[in-house]
Protein chains: 2
Amino acid sequence: MQPGVALTLRGIAADFGVSMTPAREAVRRLSAEGALQVSKSGRVTTPEPNNERLEELAALRALLEPELASRALPRAHNVLIDRMENINDQIDQMILQNDAAAYVRLNQDFHRSLYLRAQAPAMLAMVETVWLQSGPTMRRLYGQKQQQFASINHRKILAALRAGDEPGLRLAIREDVINGLRLLGS
Amino acid sequence: MQPGVALTLRGIAADFGVSMTPAREAVRRLSAEGALQVSKSGRVTTPEPNNERLEELAALRALLEPELASRALPRAHNVLIDRMENINDQIDQMILQNDAAAYVRLNQDFHRSLYLRAQAPAMLAMVETVWLQSGPTMRRLYGQKQQQFASINHRKILAALRAGDEPGLRLAIREDVINGLRLLGS
DNA sequence: CATGGTTGTTTGTGATCACATTTTTACGTC
DNA sequence: GACGTAAAAATGTGATCACAAACAACCATG
């Protein structure tokens, strides 16, 4: 969804073929998570990302995701790492096929499949909230030259996982996040 | 509000003298923030805190709050520090008066007044979400012997702020958080 | 042509209702 | 007395409606 778009409850309801009530609840939830902005008059829009906001979201990811990865590391067996490698291969394909939506989705799947092992639901929920907030700008990320770095960073993550290298894992995750979001702001 | 309480939409609506609709929206928002649990059948309860959850919330605070404090430090002038000292004096009074609700509220005011200076709304919103999730258990915290540490930790925070000591500030915040929540879990 | 006010439309909010599902209660059987 | 079952009450969900506020379009006036 493009940033800066105005939503109306009746419009959303009509789009999904439901009444206003479910649309209202969905909007309420998304705005509570920061994925949507509500003006004082109740109008709903997708937030327009500025550089400060992007830097903040990147900092949040850089704080939370290494911690989640570190907690997941003791429980990351080879089966999981293989699956992550598989996801990464699919990411490479999506980059070649120029499929932005699938790229973003697979990228999150890659990270989430690791973080799920951290046994930290509240922390994971918080990271997913940040992902949701940075979602619209992730679409812009695609098409930039940085996307090819993602695969390289992911390989570093996988290597650190296989080696059981906790500091290396934290660093690789951090680099992946920084490359993904913070560079976009400048 | 006690942990483990069951809420009904009609009950909430009746308590506040409104219809079901506003109650539903409030519940939706609070559950999106993790402050309320919804079962698969839609029943709403306040989450029962277990040790894993407490440890997680403490870890989140320990990650986020030092960062917020560090960002606020360059903008923390004497006027702000004086106000925080004032809040801390009120906290001491509330401890003497055994007013649990006021104690928790003032404690959050103390931290929030500093973090507001960080100019990081998304990060602050995330911390407030954690506070909200740990709110019910904070009530239990009161009455334990740890509460008296809060004032000592807060004094360390104030001293680090006045000295412009960034590492000391991070450490003091971290200690305050750890003492406040993590000790409660064990 | 710019501008301010007026009217008409759109939009969010709160309320009420019907319905399906779940939960609780009551009862009868073993 | 315990347990399973059926009836009854309660609950969440989605829909629809009235209403007030906000917005947009329009027109008259300078």
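Residue positions are given per chain, counting from 1 as you read along its sequence in written order. Each chain is given a letter, starting from A, and each ligand a number, starting from 1, according to the order in which they appear as written. Two thresholds apply to this predicted model, a pLDDT of at least 70 for residue-level local features and 80 or more for giving and counting side-chain atom pairs, whereas whole-chain, interface and lining totals are computed over all residues. The side-chain quantities take in all heavy atoms of the structure and omit both hydrogens and water.

Glancing now at the protein's contact with DNA strand D. Being near a molecule or strand, for a residue, comes down to having at least one heavy atom within 4 Å of it. Around DNA strand D, 17 residues are found, and the nearest of them are A:Ser19, A:Thr21, B:Leu9, B:Arg10 and B:Arg28. Counting only atoms of DNA strand D within 4 Å of the protein, the sugar-phosphate share comes to 59%. For the purposes of these results, a polar contact is taken to be a pair of N or O atoms within 3.5 Å, where, inside protein, one atom must be able to donate a hydrogen and its partner to accept one; residues adjacent in sequence count only when each atom of the pair is a side-chain atom. Contact distances for DNA strand D include 2.9 Å between a phosphate oxygen and a backbone N or O atom of B:Leu9. Measuring from a phosphate oxygen of DNA strand D, one finds a side-chain N or O atom of B:Arg28 at 2.9 Å. Helix and strand labels come from DSSP, where a helix needs a run of H or I of at least four residues and a strand needs a run of E of at least two; each type is numbered from the N terminus. Elements with a minimum of two residues in the surface near DNA strand D: helix H2 (20-32) of chain A together with helix H1 (9-16) and helix H2 (20-32) of chain B. Charged residues are taken to be Asp, Glu, Lys and Arg, nonpolar residues to be Ala, Val, Leu, Ile, Met, Phe, Trp, Tyr, Cys and Pro, and polar residues to be all remaining types, Gly included. Of the residues that constitute the surface near DNA strand D, the class distribution is six nonpolar, six polar and five charged.

Close to DNA strand C lie 17 residues; A:Leu9, A:Arg10, A:Arg28, B:Ser19 and B:Thr21 are nearest. When atoms of DNA strand C within 4 Å of the protein are sorted by moiety, sugar and phosphate together comprise 57%. Backbone polar atom of B:Ser19 to a phosphate oxygen of DNA strand C: 2.5 Å apart, as the coordinates give it. Contact distances for DNA strand C include 3.3 Å between a phosphate oxygen and a side-chain N or O atom of B:Ser41. Within the residue set of the surface near DNA strand C, elements represented by two or more residues are helix H1 (9-16) and H2 of chain A together with H2 of chain B. Partitioned by chemical class, the residues of the surface near DNA strand C number six nonpolar, six polar and five charged.

It is worth spelling out the interface of chain A and chain B at this point. Between chain A and chain B, the contact holds 24 residues from the first and 24 residues from the second. Simply put, the buried area is the total loss of 1.4 Å probe accessible area from both parts when two parts are fitted together. Contact between chain A and chain B buries roughly 2100 Å² in total, counting both sides, with carbon and sulfur atoms accounting for 64%. It is A:Glu25, A:Glu56 and A:Met126 that lose the most area in chain A upon contact with chain B, and together they represent 29% of the buried surface on that side. Note on definitions: salt bridges are taken to be side-chain nitrogens of Lys or Arg within 4 Å of carboxyl oxygens of Asp or Glu. At the surface where chain A touches chain B, the tally comes to six salt bridges. The residue B:Arg71 makes a salt bridge to A:Glu55 at a minimum N-O spacing of 3.2 Å. Scanning the region where chain A abuts chain B turns up 10 residue pairs in polar contact (both at pLDDT 80 or more). Mapped onto the side of chain A that touches chain B, the elements with two or more residues apiece are H2, helix H3 (51-72) and helix H6 (121-141) of chain A. Only heavy atoms matter for contacts: two residues are in contact if any of them lie within 4.5 Å across the pair.

Bringing the confidence of the model for chain A into the picture now. Predicted coordinates in regions of low pLDDT should not be interpreted in detail. Of all residues in chain A, 92% attain a pLDDT of 70 or more, and the chain-wide mean is 90. Within a predicted model, pLDDT stands for the predictor's per-residue confidence, ranging from 0 to 100. Model confidence for chain A, summarised as mean pLDDT per element, is weakest for helix H8 (residues 166-185) of chain A at 84 and strongest for H1(A) at 96.

For the coordinates displayed, the defined rule picks out 28 salt bridges over all chains. In this structure, B:Glu166 and B:Arg170 form a salt bridge, with 2.7 Å as the shortest nitrogen-oxygen distance. Here B:Arg170 and B:Glu166 lie together in helix H8 (residues 166-185), a separation of four residues that amounts to about one turn. Residue classification places B:Glu166 among the partly exposed residues on the basis of a relative accessible area of 26%. Within this structure, A:Glu55, B:Glu67, B:Arg71, B:Glu166 and B:Arg170 form a network of salt bridges that share partners. The rule is simple: take the accessible area with a 1.4 Å probe, protein chains only, and divide by the maximum for that residue type; under 20% is buried, over 50% is exposed, in between is partly exposed.

With that settled, consider the relation of the copies chain A and chain B. Each copy is superposed on the other by least squares, with the fit set by C-alpha atoms of residues at a pLDDT of at least 70 in both. For the pair chain A and chain B, the superposition axis carries a translation of 0.1 Å, the fit reaches an RMSD of 0.1 Å, and the rotation angle comes to 180°. On the angle and the small slide along the axis, the relation comes out as a two-fold axis. Among all C-alpha atoms of chain A, that of A:Arg29 lies closest to the rotation axis, at 2.7 Å. Residue by residue, 100% of the interface of chain A is reproduced at the interface of chain B, so both copies engage with the same surface.

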